[in-house]
Amino acid sequence: MFRRSRIAVVLFALPLVACGGGSARPKADLAASKITTIGVNSYLWRASLDTLSFMPLLQTDSNGGVIVTDWYTNPQTPTERMKVTVSILDQDLRADALRVAALREVNRNGQWVSSPVQAATTQKLEDIILTKARDLRRASIAG
């Protein structure tokens, strides 16, 4: 009987100890990127979706920070199609928190054949996304 009451006292006293005995909590200055309900930087996420809005989306995972598009064929070049994967790797708005990968196929005699993607293509997409993310952040800070 004595053992149960001692456990009960310890369990009821535990929340009081965890609160710090009523001392005031320090106020934290959370970065805007940390105040989000998704697992990655919200500015990079929105900028990526805006940038790829002309392509059909195949898969999006806001917690994992992955956007995969379906094949997109530009009407001006119907013999070529692209597929893009954007990975957001961090909650901070940084250039190394973003990775863009692209696949390209060319139609040869009715068959889609893999073709190399210029490095400048993925770099340009990363630059566009980072610029949009920076602009979104500036707009949210300005009011």
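Further up the page is the structure itself.
Residues numbered from 1 in each chain as written. Predicted model: local features only at pLDDT ≥ 70, side-chain atom pairs only at ≥ 80, totals over all residues. Heavy atoms only, no water.

Undergrad: Describe in detail the environment of serine 42, supporting the description with residues and values.
TA: Counting through the fold element by element, serine 42 comes out in helix H2 (residues 42-51). Considering only alpha carbons, one finds serine 42 and aspartate 92, 50 residues apart in sequence, at a separation of 9.1 Å. (Helix = DSSP H or I, 4+ residues; strand = E, 2+ residues; numbered from the N terminus.)

Undergrad: Give a description of helix H3 (residues 119-142) that names residues and reports values.
TA: Look at H3: 35 Å from first C-alpha to last across 24 residues, which is about the 34 Å you get at 1.5 Å a residue. On its buried side, H3 packs onto H2, strand E4 (80-88) and strand E5 (98-108). (Expected span 1.5 Å × (residues − 1). Contact = heavy atoms within 4.5 Å.)

Undergrad: How would you explain the pattern of salt bridges if you had to name every residue and give the values?
TA: For the structure on display, the rule yields 5 salt bridges. Arginine 81 serves as the salt-bridge partner of glutamate 105, at 2.6 Å between the closest nitrogen and oxygen. Of this pair, glutamate 105 sits in strand E5 while arginine 81 is found in strand E4, placing the two residues 24 residues apart along the sequence. Each member of the pair, glutamate 105 as well as arginine 81, carries the same accessibility label: buried. Salt bridges linked by common partners bring Asp90, Arg94 and Asp96 together as one network. (Salt bridge = Lys/Arg side-chain N within 4 Å of Asp/Glu carboxyl O. Buried < 20%, exposed > 50% of the residue type's maximum accessible area, 1.4 Å probe, protein only.)

Undergrad: Explain the nonpolar core to me, and be specific about the residues and the numbers.
TA: Judged by nonpolar contacts, the single largest core of 21 residues is most densely connected at Leu44, Val84, Val86, Ile88, Leu98, Val100 and Ile129. In this structure, isoleucine 88 is in contact with Val40, Asn41, Leu44, Trp45, Ser48, Gly64, Gly65, Ala97 and Leu98, ignoring residues within four places of it in sequence. (Core = buried A, V, L, I, M, F, W, Y, C linked by side-chain atoms within 4.5 Å.)

Undergrad: Explain H2 to me, using residue names and the numbers behind them.
TA: Of all 10 residues making up H2, 7 are buried, and the element is well covered by its neighbours. Listed as buried for H2 are Ser42, Tyr43, Leu44, Trp45, Ala47, Ser48 and Thr51. The elements touched by buried residues of H2 are strand E1 (57-61), strand E2 (66-69), E4, E5 and H3.

Undergrad: Give me the packing of aromatic side chains: which residues, what numbers.
TA: Enumeration according to the criterion identifies 1 aromatic pair in this entry. Taking the centre distance of 5.1 Å and the plane angle of 85° together, the rings of phenylalanine 54 and tyrosine 72 count as edge-to-face. Placement of the pair is phenylalanine 54 in the loop between H2 and E1 and tyrosine 72 in strand E3 (residues 72-73), with a sequence separation of 18 residues. You can call phenylalanine 54 partly exposed: its relative accessible area is 47%. Given a relative accessible area of 22%, tyrosine 72 falls into the partly exposed group. The residue whose ring lies beneath arginine 81 is tryptophan 71, and the NZ or CZ to ring-centre distance is 4.4 Å. (Phe/Tyr/Trp six-rings, centres within 6.5 Å; stacked < 30°, edge-to-face > 60°. Lys NZ or Arg CZ within 6 Å of the ring centre and 35° of its normal.)

Undergrad: Account for the packing of H2 against H3, with residues named and values stated.
TA: Where H2 contacts H3, the two axes come as close as 8 Å, and the packing angle between them is 125°. As the angle between them shows, H2 and H3 are arranged oblique. Crossing angle aside, the handedness with which H2 passes H3 is right-handed. Taken together, the residues of H3 that come into contact with H2 (itself represented by Tyr43, Leu44, Arg46, Ala47, Ser48, Asp50 and Thr51) are Leu125, Ile128, Ile129, Leu130, Lys132, Ala133, Leu136, Arg137 and Ser140. (Axes fitted to C-alpha atoms, helices over the stretch in contact; angles between N-to-C directions. Parallel < 35°, antiparallel > 145°, perpendicular 65-115°, else oblique. Left-handed = near helix turned anticlockwise from the far one by under 90°.)

Undergrad: Can you break down the environment of asparagine 107 residue by residue, with the values?
TA: With respect to the element layout, asparagine 107 can be found in strand E5. Relative accessible area serves as the criterion here: at 28%, asparagine 107 is assigned to the partly exposed category. Counting along the chain gives 28 residues from asparagine 107 to threonine 79, while the straight-line C-alpha distance between them is 4.9 Å. The contacts of asparagine 107, once residues within four sequence positions are left out, are Thr79 and Trp112.

Function cannot be read off these values alone, since they describe shape.
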